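# An overview of the molecular structure
Here's the letter readout for the chains.
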Amino acid sequence: MEQLSRKSTNVRKKINLISSTNFYSKVLEQYRSIRTNFNSYIKGLDYQTLLISSPNSGEGKSTIAANFAISLTQQGRRVLLIDADLRKPTLHLSFKTDNTFGLCDVLRGNILLEDSISKTDISNLDLLSSGSIPYNSSELLGSNEMEKLIEKVTGIYDVIIFDAPALLEVADGKIIASQCDGTILVLKWGKTKSDEALEAKKSLESTNAKVLGVILNEKD
Ligand SMILES: Nc1ncnc2c1ncn2[C@@H]1O[C@H](COP(=O)(O)OP(=O)(O)O)[C@@H](O)[C@H]1O
Ligand SMILES: [Mg+2]
């Protein structure tokens, strides 16, 4: 779908958000381009729930999920970002929100959805962080409660973006993909091997998930 360059970003062990980037920067332009491709792809179709995943960890899923979400809000869409990477949740750190309660607590019925969603500093962007993660997290993601949660949030937001764990490491990504309208696969230049990319694509297709496109991250 697109290529993202690392040239104009700082290489640090944290996620860089485009909200703190110069308005005319190359990175911002690349996210606009991803958004344009996405908009033209979904024209007239109902793609409200999206999963961002990749074969392995560290390939840029969370970075792209967060920045793509921000980029959609800049067109006036109300967006909910959900941290469903229960193995390595990071979005609450990037957006500096509380993670006492989140997705897992809602799914376990410990708190109401509306009480666990955090506002972010970006207007029109809310975050549902991971919350406290139980041992049976995969079962939770495939539960009826998850279905109910998706039904509820699609009535409130224009777009819902799920950040998921690596497809080749745990089944969670596949489980969520089967419940989403589409999946965007992130591949990292120089890191993701072609057989891993194919395996990830196959694993998504085996659950009838729809792969909308691929983002090649970090190509100079
Ligand atoms: N295009 C990029 N340019 C520079 N750094 C990046 C880029 N994409 C990701 N990173 C950095 O790489 C690290 C891993 O990215 P992350 O989004 O957390 O991956 P994942 O969610 O797939 O594990 C983070 O420190 C992030 O800031
Ligand atoms: Mg991540």
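### Thoughts on the confidence of the model for the protein chain
Mean pLDDT over the protein chain stands at 88; residues scoring 70 or higher make up 90%. Note on residues 6-13: pLDDT is under 50 here. Beyond four places in sequence and across chains, it has 11 contacts.

### What to know about the pairing of strand E7 (residues 182-188)
Among the 7 residues in E7, 7 count as buried, and that is most of the element. Here strand E2 (residues 49-53) runs beside E7; their pairing, made up of 4 bridges, is parallel. By the bridge assignment, Ile 52 is partnered in E7 with Ile 184. Pairing of E7 with strand E8 (residues 211-217), which is carried by 6 bridges, proceeds in the parallel orientation.

### Quick look at the packing of aromatic side chains
Enumeration according to the criterion identifies 1 aromatic pair in this entry. Geometrically, the ring pair formed by Phe 38 and Phe 68 is edge-to-face, given 5.3 Å between the ring centres and 90° between the ring planes. Residue Phe 38 is found in helix H1 (residues 26-42), and its partner Phe 68 is found in helix H2 (residues 61-73); the two are separated by 30 residues along the sequence. Owing to a relative accessible area of 1%, Phe 68 belongs among the buried residues under this scheme.

### So, the pattern of salt bridges
Here the structure, examined in full by the defined rule, presents 9 salt bridges. For Asp 105, the salt bridge identified is with Arg 108, shortest N-O distance 3.5 Å. Take Asp 105: its relative accessible area is 3%, and that puts it in the buried class. By relative accessible area, which is 35% here, Arg 108 ends up partly exposed. Across the salt bridge formed by Glu 205 and Lys 201, the nearest N and O atoms sit 3.1 Å from each other. With Glu 205 and Lys 201 both in helix H9 (residues 194-205) and 4 residues apart, the pair spans about one turn of that helix. Look at Glu 205 and you get partly exposed, because its relative accessible area is 40%. Residue class for Lys 201 comes out partly exposed when judged on its relative accessible area of 36%.

Rules used throughout
- Residues numbered from 1 in each chain as written.
- Chains lettered and ligands numbered in written order.
- Predicted model: local features only at pLDDT ≥ 70, side-chain atom pairs only at ≥ 80, totals over all residues.
- Heavy atoms only, no water.
- pLDDT = per-residue confidence, 0-100.
- Contact = heavy atoms within 4.5 Å.
- Buried < 20%, exposed > 50% of the residue type's maximum accessible area, 1.4 Å probe, protein only.
- Helix = DSSP H or I, 4+ residues; strand = E, 2+ residues; numbered from the N terminus.
- Pairing = 2+ DSSP bridges.
- Phe/Tyr/Trp six-rings, centres within 6.5 Å; stacked < 30°, edge-to-face > 60°.
- Salt bridge = Lys/Arg side-chain N within 4 Å of Asp/Glu carboxyl O.

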